[in-house]
Amino acid sequence: MFRHILIVLSHLALLGHSADWCYDHEECAPSHWYLHYPSCGLSSQSPINIITANTVADSSLGPIVVEGSDATSEGELTNNGHSVEVTLTSKYTLSGAGLTDAYTLAGFHIHFGNSNPTFGGSEHQINGNAFPLEVHFVFYNSIYIDLTEAKQQSDGLAVVGVLFQIGSFNSALDHFLGQLSQVAYSGQKTSVQANLRKFLPAKIGYYFKYNGSLTTPTCSENVTWLVAGNVQPISLSQYTQIISNLYFSLPGAANPVPMLDNFRPTQPLNGRTVSVYRK
Ligand SMILES: [Zn+2]
């Protein structure tokens, strides 16, 4: 037992990681996740490549509706060792989009690439095109007490994905980009202000919808995915802030591993329908 613990500890120290899954080392990379997390090997996984010619128009879905404050909210920015995530004190609710229930925002986090933004970084692709940044707004079904309980339920989660490409300066991102250096290492947190409205308008009238999974272990297949059809801009200098300030590693790691390419490769569609709503 003790020897086993030592082996695990030395393994983690070697990797400089705080968990048994990762993006950047072969032995814990996405292709191996299913070994510890069997759901990652199931057949309705995310992300996917959305082939627009194969999507099914469904005008009955209606727009995505996000209700909540228009004001800037207090929140917390955390490096969780795989991404940076923001939680807000203001409450936001997701409905519409053919959802049976209302969903409550738990927080949002980012997936991104490396110093070559043309190389990709988003999780979802559209017609085989990856984007340098994707933001995931994670909502849990409001009939459950919290995210932890909802994660155990088949109708527990809905995630809105927003894709970004290099372009103009994006004021919505600036509230927290300037704070990234304070959460450089895994486990670090800082207070932050964010205006969700600038990211996520009250109505989204163009999106793709399909049934999939969490894109990180446990890869549970209980996520209604809503991927916004309109790609948003981020300036190159803002993108550079993201890729140059963060590490996967714990504070004090001898050779900290830069947080780059924290996206899962696209997964097979396996006959699932991808709906599209466009007002
Ligand atoms: Zn995500």
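Residues numbered from 1 in each chain as written. Predicted model: local features only at pLDDT ≥ 70, side-chain atom pairs only at ≥ 80, totals over all residues.

J.: If you had to explain the overall build of the protein to someone new, which residues and values would you point to?
T.: Regarding its fold elements, the protein presents 6 helices and 16 strands. Over its C-alpha atoms the protein spans a radius of gyration of 18 Å, differing by no more than 12% from the 19 Å that the globule rule assigns to 279 residues. Overall, the C-alpha framework of the protein stretches about 60 × 40 × 40 Å when taken along its three principal axes. Looking at the 279 residues of the protein, the share that counts as buried comes to 42%. Long-range pairs, those at least 24 residues apart, make up 71% of the contacts in the protein with a sequence separation of at least 6. (Helix = DSSP H or I, 4+ residues; strand = E, 2+ residues; numbered from the N terminus. Rg over C-alpha atoms; globule rule 2.2 N^0.38 Å. Buried ≥ 20, exposed ≤ 12 C-beta atoms within 10 Å, placed from the backbone. Contact = placed C-beta atoms within 7 Å.)

J.: Run through the nonpolar core, naming residues and quoting values.
T.: Formed by 69 residues in total, the largest nonpolar core has its most connected members in F137, F139, A158, V159 and V160. Among the elements that take part in this core, strand β10 (residues 157-166) stands out by supplying 7 residues, more than any other. Excluding its chain neighbours within four sequence positions, the residues that come into contact with F137 are L105, F108, V159, V160 and L200. (Core = buried A, V, L, I, M, F, W, Y, C linked by C-beta atoms within 7 Å.)

J.: Can you lay out unusual backbone geometry for me, pointing to particular residues and giving the numbers?
T.: Here the bond from S46 into P47 is cis, since omega is 5 degrees, no more than 30 degrees from zero. With respect to the helices, strands and loops of the structure, P47 is situated in the loop between α2 (33-36) and β1 (49-50). Backbone torsion omega between P217 and T218 reads 20 degrees, so that peptide bond is classified as cis. The backbone of D261 shows a phi angle near 50 degrees, a positive value even though the residue is not glycine. Within the element layout of this structure, D261 appears in the loop between α6 (236-245) and β16 (275-278). Unusually for a residue other than glycine, N270 sits at a positive phi of about 50 degrees. Relative to the elements of secondary structure, N270 occurs in the loop between α6 and β16. Residue class for N270 comes out exposed when judged on the 10 C-beta atoms lying within 10 Å of it.

J.: Go over the pairing of β16, please, and point to the residues and values.
T.: Note that strand β2 (residues 56-57) and β16 share 2 bridges and pair parallel. The residue bridging V56 from the neighbouring strand is S275, located in β16. With 4 bridges joining them, strand β13 (residues 206-212) and β16 adopt antiparallel strand pairing. Residue pairing across strands places K209 opposite S275, the latter belonging to β16. (Pairing = 2+ DSSP bridges.)

J.: Residues and numbers for α6, please.
T.: Restricting attention to buried positions, one finds in α6 the residues Q238, Y239, I242 and I243. Buried positions in α6, seen along its axis, are confined to an arc of 130 degrees and lie on one side of it. Exposed residues lying more than 90 degrees from the buried face of α6 are L236 and S237. Summarising the contacts, the buried residues of α6 are in contact with β7 (103-112), β9 (133-141), β10, α4 (171-177) and β15 (232-234). (Arc of directions from axis to C-beta.)

J.: Pulling in residues and values, what's your account of the environment of I126?
T.: Here I126 shows up in strand β8 (residues 125-126). Of the residues examined, I126 has 17 C-beta atoms within 10 Å and is grouped as partly exposed. With 101 residues separating them in the primary sequence, I126 and V227 have C-alpha atoms 9.9 Å apart. Not counting the four nearest positions on each side in its chain, I126 is found in contact with I50 and T52.

J.: Provide a residue-level description of the confidence of the model for the protein, including the pertinent values.
T.: Of the residues in the protein, 93% reach a pLDDT of 70 or more, and the chain-wide mean stands at 92. Scored below 50 in pLDDT, residues 1-18 makes 18 contacts in the model with residues more than four places away or belonging to other chains. (pLDDT = per-residue confidence, 0-100.)

J.: Please set out the pairing of β7 residue by residue, giving values where relevant.
T.: By the criterion of burial, β7 is predominantly enclosed, with 9 of the 10 residues buried. Taken together, the 2 bridges between strand β5 (residues 84-88) and β7 define a ladder with antiparallel strand orientation. Its bridge partner lying in β7, E85 is registered against H109. Of the strand pairs in this sheet, strand β6 (residues 92-96) and β7 are connected by 2 bridges, and their pairing is antiparallel. Bridge assignment links T93 to a residue of β7, and that residue is T104.

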